[in-house]
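Spelled out from the first residue to the last, the chains are:
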There are 2 protein chains.
Amino acid sequence: MRIINQLSGRRIFLKAAATVASGITGLSLLPSLGFSQPLTESPRSFSGDEALRSLPPGKDFRPVAEDKNLGIIGPREGYSPQIGTLVSMMAFMRSQVINSTKGMTMEQLDFLLDDKANTIGAMLYHLAATDAFYHEHTFKGVEWGKWDAAVQKKFGVAMELGDEGRKAIKGNNLDFYLNLLQETRENTLAEFRKRDDKWMMIVDKDWGWNNYCKWFHVCEHEGNHNGQIKLLKSRLPGAKSVKE
Amino acid sequence: MRIINQLSGRRIFLKAAATVASGITGLSLLPSLGFSQPLTESPRSFSGDEALRSLPPGKDFRPVAEDKNLGIIGPREGYSPQIGTLVSMMAFMRSQVINSTKGMTMEQLDFLLDDKANTIGAMLYHLAATDAFYHEHTFKGVEWGKWDAAVQKKFGVAMELGDEGRKAIKGNNLDFYLNLLQETRENTLAEFRKRDDKWMMIVDKDWGWNNYCKWFHVCEHEGNHNGQIKLLKSRLPGAKSVKE
């Protein structure tokens, strides 16, 4: 069982979501809180997985299992230390996206704020596309933009968003997007397990970025769009404000 | 000279911004690109700091100087390995926020999308407040919400945002916010330099988060709001769309 399986297994997801939410009341993972109270309330006692409590201070950077411990950023079993640390960050970010979109209907996923806007559904597809393109680029060495036809066909529009995205990406339910997110992330994690920290530090001279930077960008890019998803969520017809 | 000094020194900032922008054409750090083309164009050749080119693959995790190498995520001189890696991520994120808001006028910083919205200025203040409160909480051990009166007075409204923020945070120019961001981040980095990786793994049992998670949250929280800033930027009166 891996963290990413929260995308496919309702029970697994709910467990993970409860683990996160209970530990961070008042923080940005809990969109049910009032919009006016970001990051400020006293956290309630943690009531989630006891494994989180059992990791004593001082046991620094002992790899922990991948299927729990969302609040423990650090190495993960099955990965090199720095890759595992990034994997823990990616799982933390992904849990926020899943939490932000939980229970959304097709109509909500297709909501357009205005004629410049992207839908929440299109942004979810876009996040999956980002994983897929960085996978092709960093693991297979494909030059950016020179994608195989099948990859381009499946993810090209979602990567571009904009007018084409508004036309083409609609009418899908939440599971459609969650499955794409799961599939692309699983593929990414499978490749990460084959690599080591030296690989993370290889610099692409054309970009001026190392592989760590490219994949950290994929990670923080989810934060970027999660912020937008929360902003749009507050403006869905009939919506209550959520903390943005 | 430290990365954060890009906040105070125009020349330093422009150098850093050019370094980043030139390496990531088509990626999310270059808001002048069309809204419809996120993360998709072929990156142009990197024309920035030659130090980035000179780091050979295989020299993994040799700490690099703090004042350059924005595209190299990894250890930084003067910090323990994991803290330095997080510092490099925080600098990468901060450069995006600075890039997103570059040249904004007071009127643009005070723009309200609707009666639920936060201004871009308020979000910048909020990011500084986040640094300040996590500083009090993790470095000084202050329980969340039990802030010293002076800290509460300076940052409380910005942390809350919402109605109070809309009333109180306005009429400031960009430098006002950048100075707050610089001041709080400098204070954070000064404390990071005194700590080690063991400290990062200490778990707050009430939260279920280790210190690494708390500060990673501060980092990705900038991505969250940067996404919102870019969305708002496209909707400023007279604005062209920017890649969101």
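Residues numbered from 1 in each chain as written. Chains lettered and ligands numbered in written order. Predicted model: local features only at pLDDT ≥ 70, side-chain atom pairs only at ≥ 80, totals over all residues. Heavy atoms only, no water.

On to the overall build of chain A. For chain A, the count of helices and strands is ten helices and two strands. Helices and strands appear in chain A in the N-to-C order α-α-α-α-α-α-α-α-α-β-β-α. Residues classed as buried in chain A amount to 66% of the 244 residues present. A separation threshold of at least 6 residues defines the contact pool for chain A, and within that pool the share at least 24 residues apart is 63%. A total accessible area of about 8600 Å² is found for chain A, and carbon and sulfur atoms account for 51% of it. (Helix = DSSP H or I, 4+ residues; strand = E, 2+ residues; numbered from the N terminus. Buried < 20%, exposed > 50% of the residue type's maximum accessible area, 1.4 Å probe, protein only. Contact = heavy atoms within 4.5 Å. Areas by Shrake-Rupley, 256 points an atom, 1.4 Å probe, with all protein chains shown as cover.)

In this structure the tally under the stated criterion is 22 salt bridges over all chains. Close ionic contact of aspartate 204 of chain B with lysine 214 of chain B constitutes a salt bridge, the shortest N to O distance being 2.6 Å. Residue aspartate 204 of chain B is found in strand β1 (residues 203-204), and its partner lysine 214 of chain B is found in helix α10 (residues 211-233); the two are separated by ten residues along the sequence. A single burial state applies to aspartate 204 of chain B and to lysine 214 of chain B, both of which are buried. Here the salt bridges share partners, and the residues they tie into one network are Arg94, Asp131, Arg185 and Glu222 of chain A. (Salt bridge = Lys/Arg side-chain N within 4 Å of Asp/Glu carboxyl O.)

Within a pair of aromatic rings, the relevant descriptors are the distance that separates the centres and the angle that separates the planes. Tallied over the full model, the rule gives 37 aromatic pairs over all chains. Ring geometry for tryptophan 144 of chain B and tryptophan 207 of chain B: centres 5.6 Å apart, planes at 70°, overall edge-to-face. With a gap of 63 residues between them, tryptophan 144 of chain B in the loop between α5 (120-139) and α6 (149-160) and tryptophan 207 of chain B in the loop between β1 and β2 (209-210) connect regions that are remote in the sequence. Ring geometry for phenylalanine 192 of chain B and tryptophan 199 of chain B: centres 6.5 Å apart, planes at 70°, overall edge-to-face. The exposure class assigned to phenylalanine 192 of chain B is buried, which follows from its relative accessible area of 0%. What makes tryptophan 199 of chain B buried here is its relative accessible area of 12%. Through pairs of rings, three or more aromatic residues link up here, namely Phe92 of chain A together with Phe133, Tyr134, Phe139, Trp144, Trp147, Phe192, Trp199, Trp207, Trp209, Trp215 and Phe216 of chain B. Residue placement shows lysine 214 of chain B over the ring face of tryptophan 207 of chain B; its charged tip is 4.3 Å from the ring centre. (Phe/Tyr/Trp six-rings, centres within 6.5 Å; stacked < 30°, edge-to-face > 60°. Lys NZ or Arg CZ within 6 Å of the ring centre and 35° of its normal.)

Here the focus is the packing of helix α5 (residues 120-139) of chain A against helix α6 (residues 149-160) of chain A. All names here are of chain A. At a closest axis distance of 8 Å, the pairing of α5 and α6 adopts a crossing angle of 130°. The orientation of α5 with respect to α6, classified from their angle, is oblique. α6 is crossed by α5, and the crossing has left-handed handedness. Packed against α5, whose contacting residues are Tyr125, His126, Ala128, Ala129, Thr130, Ala132, Phe133 and Glu136, the element α6 presents Val151, Gln152, Lys154, Phe155, Gly156, Ala158 and Met159 at the interface. (Axes fitted to C-alpha atoms, helices over the stretch in contact; angles between N-to-C directions. Parallel < 35°, antiparallel > 145°, perpendicular 65-115°, else oblique. Left-handed = near helix turned anticlockwise from the far one by under 90°.)

This next bit is on the side chain of asparagine 224 of chain B. With respect to the helices, strands and loops of the structure, asparagine 224 of chain B is situated in helix α10. Owing to a relative accessible area of 3%, asparagine 224 of chain B belongs among the buried residues under this scheme. Of note is the side chain of asparagine 224 of chain B, whose polar atom sits 3.0 Å from the side chain of lysine 230 of chain A. Once you skip the residues sitting within four places of it in the chain, asparagine 224 of chain B turns out to touch Gly223, Asn224, Asn226, Gly227, Lys230 and Glu244 of chain A. (Polar contact = N/O pair within 3.5 Å; in protein donor to acceptor, adjacent residues only side chain to side chain.)

Counted under the stated rule, the structure contains zero disulfides over all chains. No disulfide involves cysteine 219 of chain A; its sulfur sits 8.3 Å from the nearest other cysteine sulfur, which is in cysteine 219 of chain B. Of the residues examined, cysteine 219 of chain A reaches a relative accessible area of 1% and is grouped as buried. With no disulfide partner, cysteine 213 of chain B has as its closest neighbouring cysteine sulfur the one in cysteine 219 of chain A, 11 Å distant. (Disulfide = S-S within 2.5 Å.)

Turning next to the packing of α5 of chain A against helix α8 (residues 174-192) of chain A. All names here are of chain A. Across the interface, α5 lies against α8 with an axial gap of 9 Å and an inter-helix angle of 20°. Relative to α8, the element α5 lies roughly parallel. At the point where α5 passes α8, the crossing takes the left-handed sense. Side by side, α5 and α8 meet where Gly121, Leu124, Tyr125, Leu127, Ala128, Asp131, Ala132, His135 and Phe139 of the first sit next to Leu174, Phe176, Tyr177, Leu180, Leu181, Thr184, Arg185, Asn187, Thr188, Glu191 and Phe192 of the second. Here the contact of α5 with α8 is built from residues that sort into twelve nonpolar, five polar and three charged. (Nonpolar A, V, L, I, M, F, W, Y, C, P; charged D, E, K, R; others polar.)

Attention now moves to unusual backbone geometry. For leucine 161 of chain A, which is not glycine, the phi dihedral falls at a positive 55°. Among the secondary structure elements, leucine 161 of chain A is positioned in the loop between α6 and α7 (162-168).

With that settled, the discussion passes to the confidence of the model for chain A. All names here are of chain A. Taken over all residues, the pLDDT of chain A has a mean of 78, while the share at 70 or more is 71%. Segment residues 1-60 is flagged for pLDDT under 50; beyond a separation of four residues in sequence, or across chains, it makes 159 contacts in the model. Here the predicted complex scores 0.78 on pTM and 0.77 on ipTM. (pLDDT = per-residue confidence, 0-100.)

Now for α10 of chain B. For α10 of chain B, with 23 residues, the first-to-last C-alpha span of 33 Å sits near the 33 Å given by 1.5 Å per residue. By the criterion of burial, α10 of chain B is predominantly enclosed, with 23 of the 23 residues buried. (Expected span 1.5 Å × (residues − 1).)

We now examine α6 of chain A. Residues and elements named next belong to chain A. With twelve residues, α6 should reach 16 Å at 1.5 Å per residue; the first-to-last C-alpha distance of 15 Å fits that figure. Residues of α6 that are buried: Val151, Phe155, Gly156, Ala158 and Met159. Looking at the packing, one finds that the buried side of α6 touches α5 and α8. Remark: leucine 161 follows α6 within two positions and exhibits a positive phi of approximately 55°.

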